[in-house]
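Chain and residue survey
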There are 2 protein chains.
Amino acid sequence: MTTRSKHSSGEDRKLAKTLKESKAPAISRAAAVLRLLGKSETPLGLQAIVRELGLVPSTCLYVLRALVAEEFVAFDPDTKRYSLEAGVLTLARHWLRRNQFTDLVQPELDRLSQAFDVTMLGVNIVGLDHMIVVAVSQSGNNFQLSAQIGSRFPALISATGRCLAAFGGYSEDELEERFNALRWDDPPTLEDWKGQVEQTRAQGFGVDKGNYISGVTVVAAPVWKTRGHPGHPGHAVVATGIGSAMKRNGLPQLQKALLSTARTLTQQLGGESL
Amino acid sequence: MTTRSKHSSGEDRKLAKTLKESKAPAISRAAAVLRLLGKSETPLGLQAIVRELGLVPSTCLYVLRALVAEEFVAFDPDTKRYSLEAGVLTLARHWLRRNQFTDLVQPELDRLSQAFDVTMLGVNIVGLDHMIVVAVSQSGNNFQLSAQIGSRFPALISATGRCLAAFGGYSEDELEERFNALRWDDPPTLEDWKGQVEQTRAQGFGVDKGNYISGVTVVAAPVWKTRGHPGHPGHAVVATGIGSAMKRNGLPQLQKALLSTARTLTQQLGGESL
DNA sequence: ACACCTTATTCAATATATAGAATACTATTC
DNA sequence: GAATAGTATTCTATATATTGAATAAGGTGT
């Protein structure tokens, strides 16, 4: 690469790094294109994609053609614009069919969101990178806290992040590096955060009081997929709501209920796999 | 490729062809792997994937590692098995957000499934290859006809296929070749089918009386996304139900309602894009 | 505990996917 | 309507992704 891109958008920095390491760079490019098309409000032309991701036009064109052939991307020959195609639904359907966690959490989320008037989430923890919301239940009374199935968050953020830091078995250094990359509404200091992680380890669940989103309290409890709890927790059950309202409705009770639900789920998942 | 695979499963034939043509074969491989993992009831090891798809182990390993890095595939280090990861949900969510057809059809599907006691589908027609179910409404009274969001079908099958054949503007030869590859419960002859396609063109909707699935009648009407109807229809509204029951409940009325709904949707979609 | 078989992973040679320039096409401005 | 600017696409040399063999790791049965 001779000429440095004008505005290396952070995203394309990460992409560039992945490309060098990988033995299948076309796949990283394809993933980047798919995510970009997902984010975009409108269909995009080749040039727009190239600019945003810092790719070579010809290469990008081949990637797009392959994705069109695989029915993951739709191409409008008139406007020469690309967008996501319905093919991505097929993969999601298959994932949902095979996933026992979603089936098991859903009724629990419904129960808890009703009982405590909060928004409940079930999330998959993919690794140190991201967690993904896989199930949602809204209480209906409170106004809609925007969190949809499929949403991705940085793994160490908010209450769930404290759980992962506490139980993931990662090194201090690694956690610190990742912590520094996080974006919060009201960031805790590293010291504060480490204390909260320690507390999470002690009490078995994590709490975020307005750090991630001002005024919003988040409580999360980890769920493992194997009985002996090796490695990091694979899932979490999460409750979110307006801080003041949650205090009124009994935060301690909610925390207890959440913890008990998470433990039950861990048992159910673990039993399945033995 | 020196040694011919023992059981070239038809799927891997198609894959092999795509690989030769494409300038980004890694993407075709990745797509094949994702679809295989989707179909599979259990997580798969490298060897199993290699065998099924006719790939080279080392290459396949690199593909899998890239897909794991992109969070589309989950890897269990203990069992060394691969499965779909929740990341695929994220793409599906984005597709659903941006898609106006799904939003527009859903209430119509609900209305019609109630009124006629049938299972209603909204489908995307990707091209001559596949159509994909993107919205469903069950009447609840009849037993569940299995059709889920994300399901893929060959584009020319059943009633929707007759619509595509009638209005897609494809050549006789191309249609005939594709027709011969279709699998029906009770296949029509090519002559019969051509007649039915002709009729579909005349009346504006297609009907399948037990050809695709014995005893099940399917009615489909095409929906275009542009006002002037160039190219092939992008979507269809589909009604399915037990043949005898549909006759009892008034097939002509259903056909009329379906056609009118499809026309309204075409107008709404067309108006949007002008 | 050993040998055997299966499966995963690394490694080095080469076929080829990729980058960059050249070309064709489309839209816009004067 | 010609000229211009922007975009998509083709073309070709070369860096590298892919291959097939070699190695390592894991599991199974005796």
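For clarity, every value in this text was computed on a predicted model and none was experimentally measured. (Residues numbered from 1 in each chain as written. Chains lettered and ligands numbered in written order. Predicted model: local features only at pLDDT ≥ 70, side-chain atom pairs only at ≥ 80, totals over all residues. Heavy atoms only, no water.)

Let's talk about the protein's contact with DNA strand C
Surveying the vicinity of DNA strand C reveals 20 residues, the closest of which are Ser58 and Thr59 of chain A together with Lys23, Gln47 and Arg65 of chain B. Among the atoms of DNA strand C lying within 4 Å of the protein, the sugar-phosphate backbone contributes 73%. Within the backbone of lysine 23 of chain B, one N or O atom sits 2.8 Å away from a phosphate oxygen of DNA strand C. For DNA strand C, a base nitrogen lies 3.5 Å from a polar atom in the side chain of tyrosine 62 of chain B. When residues of the surface near DNA strand C are traced back to their parent elements, those giving at least two are helix H2 (25-39) and helix H4 (57-69) of chain A together with helix H3 (46-53) and helix H4 (57-69) of chain B. (Near = heavy atom within 4 Å. Polar contact = N/O pair within 3.5 Å; in protein donor to acceptor, adjacent residues only side chain to side chain. Helix = DSSP H or I, 4+ residues; strand = E, 2+ residues; numbered from the N terminus.)

Overview of the protein's contact with DNA strand D
Looking at DNA strand D, there are 19 residues lining it, with Gln47 and Arg65 of chain A together with Arg29, Ser58 and Thr59 of chain B nearest. Those atoms of DNA strand D that come within 4 Å of the protein belong to sugar or phosphate at a rate of 74%. At a separation of 2.6 Å, a phosphate oxygen of DNA strand D approaches a polar backbone atom of glutamine 47 of chain A. In the model, a phosphate oxygen of DNA strand D is placed 2.9 Å from a nitrogen or oxygen of the arginine 29 of chain B side chain. With four residues, H4 of chain A is the single largest residue contributor to the surface near DNA strand D. Taken together, the residues of the surface near DNA strand D break down into eight nonpolar, six polar and five charged. (Nonpolar A, V, L, I, M, F, W, Y, C, P; charged D, E, K, R; others polar.)

A look at the sheet that holds strand S4 (residues 119-125) of chain B
Backbone-to-backbone hydrogen bonds pair the strands of a sheet. The strands run either parallel or antiparallel. All names here are of chain B. Here six strands make up an open sheet; going across it, the order is S6-S5-S4-S9-S8-S7 and the pairing antiparallel. Looking along the sheet, the strands with just one partner apiece sit at the ends: strand S6 (152-154) and strand S7 (206-209). The sheet shows a mean angle of 30 degrees between the axes of neighbouring strands, direction not considered. (Pairing = 2+ DSSP bridges. Axes fitted to C-alpha atoms, helices over the stretch in contact; angles between N-to-C directions.)

A closer look at the sheet that holds strand S2 (residues 73-76) of chain B
The three strands are arranged S1-S3-S2 (chain B) in an open sheet whose pairing can be described as antiparallel. On the outer flanks of this sheet lie strand S1 (44-45) and S2 of chain B, each paired with one strand and no other.

Quick notes on the packing of aromatic side chains
In the structure shown here, the tally under the stated rule is 10 aromatic pairs over all chains. Measuring from centroid to centroid gives 6.2 Å for phenylalanine 179 of chain A and tryptophan 184 of chain A, while their planes differ by 50 degrees, and the two rings are tilted. Per residue, the accessibility class of phenylalanine 179 of chain A equals that of tryptophan 184 of chain A, and both read buried. Among the aromatic residues, those joined into a ring-pair cluster are Phe179, Trp184 and Trp193 of chain A. Directly above the aromatic system of tyrosine 62 of chain B lies the positively charged group of lysine 23 of chain A, at a separation of 5.9 Å from the ring centroid. (Phe/Tyr/Trp six-rings, centres within 6.5 Å; stacked < 30°, edge-to-face > 60°. Buried < 20%, exposed > 50% of the residue type's maximum accessible area, 1.4 Å probe, protein only. Lys NZ or Arg CZ within 6 Å of the ring centre and 35° of its normal.)

Observations concerning the relation of the copies chain A and chain B
Once chain A is rotated about the relating axis by 180 degrees and shifted along it by 0.0 Å, it coincides with chain B to within an RMSD of 0.1 Å. What the superposition gives is, in effect, a two-fold axis relating one chain to the other. A share of 100% of the interface residues of chain A reappears at the interface of chain B, consistent with the copies meeting face to face through the same patch. (Least-squares fit on C-alpha atoms with pLDDT ≥ 70 in both. Contact = heavy atoms within 4.5 Å.)

Here's the deal with the confidence of the model for chain A
Summing up the model confidence of chain A, the mean pLDDT is 91 and the portion of residues at 70 or higher is 91%. Ignoring residues within four places in sequence, the model shows residues 1-7 of chain A, a span with pLDDT below 50, making three contacts including any to other chains. (pLDDT = per-residue confidence, 0-100.)

Here's the deal with the environment of arginine 97 of chain A
Residue and element names in this part refer to chain A. Inspection of the secondary structure assignment puts arginine 97 in helix H5 (residues 87-98). Arginine 97 sits in the partly exposed class, given a relative accessible area of 47%. In the structure, arginine 97 is positioned 134 residues away from glycine 231 in sequence and 25 Å away in space, judged by C-alpha atoms.

A few points about the pairing of strand S5 (residues 130-137) of chain B
All names here are of chain B. Of all eight residues in S5, seven are buried; the element is thus mostly enclosed. Note that S4 and S5 share six bridges and pair antiparallel. Pairing of methionine 120 across the sheet is with serine 137, part of S5. The hairpin formed by S4 and S5 contains four residues between the paired strands.

Some points on the nonpolar core
Of all hydrophobic cores here, the largest spans 118 residues; its most connected members are Val33, Ile49 and Leu67 of chain A together with Val33, Ile49 and Leu67 of chain B. Excluding residues within four positions of it along the chain, leucine 67 of chain A makes contact with Ala30, Val33, Leu34, Phe72 and Val73 of chain A together with Ile27 of chain B. (Core = buried A, V, L, I, M, F, W, Y, C linked by side-chain atoms within 4.5 Å.)

Looking at the interface of chain A and chain B
Every contact between the two is made by 49 residues of chain A and, on the other side, 49 residues of chain B. For the pair chain A and chain B, the summed buried surface comes to about 4300 Å²; carbon and sulfur atoms form 64% of the total. When the area that chain A buries against chain B is broken down by residue, the three leading residues are Ile27, Glu71 and Leu89 of chain A, summing to 15%. At the surface where chain A touches chain B, the tally comes to six salt bridges. Counting the contacts that link chain A with chain B gives 17 residue pairs in polar contact (both at pLDDT 80 or more). Elements with a contribution of two residues or more to the side of chain A that touches chain B: H2, H4, H5 and strand S4 (130-137) of chain A. Counting residues per element, the side of chain A that touches chain B draws most heavily on H5 of chain A, which supplies 12 residues. By residue class, the composition of the side of chain A that touches chain B is 24 nonpolar, 13 polar and 12 charged. (Buried area = accessible area lost by both parts, 1.4 Å probe. Salt bridge = Lys/Arg side-chain N within 4 Å of Asp/Glu carboxyl O.)

Observations concerning the pattern of salt bridges
The full count for this structure, using the stated rule, is 18 salt bridges over all chains. The shortest N-O distance in the salt bridge between glutamate 108 of chain A and arginine 111 of chain A comes to 2.7 Å. In this pair, glutamate 108 of chain A and arginine 111 of chain A both sit in helix H6 (residues 100-116), three residues apart, roughly one turn of the helix. You can call arginine 111 of chain A partly exposed: its relative accessible area is 44%. The shortest N-O distance in the salt bridge between arginine 152 of chain A and glutamate 71 of chain B comes to 2.9 Å. In this pair, arginine 152 of chain A is assigned in strand S5 (residues 152-154) and glutamate 71 of chain B in the loop between H4 and S2, connecting two distinct chains. Assessed through its relative accessible area of 27%, arginine 152 of chain A is described here as partly exposed. Looking at glutamate 71 of chain B, the relative accessible area reads 4%, which means it is buried. Residues joined by salt bridges that share partners form a network here, namely Glu172, Glu176 and Lys194 of chain A.

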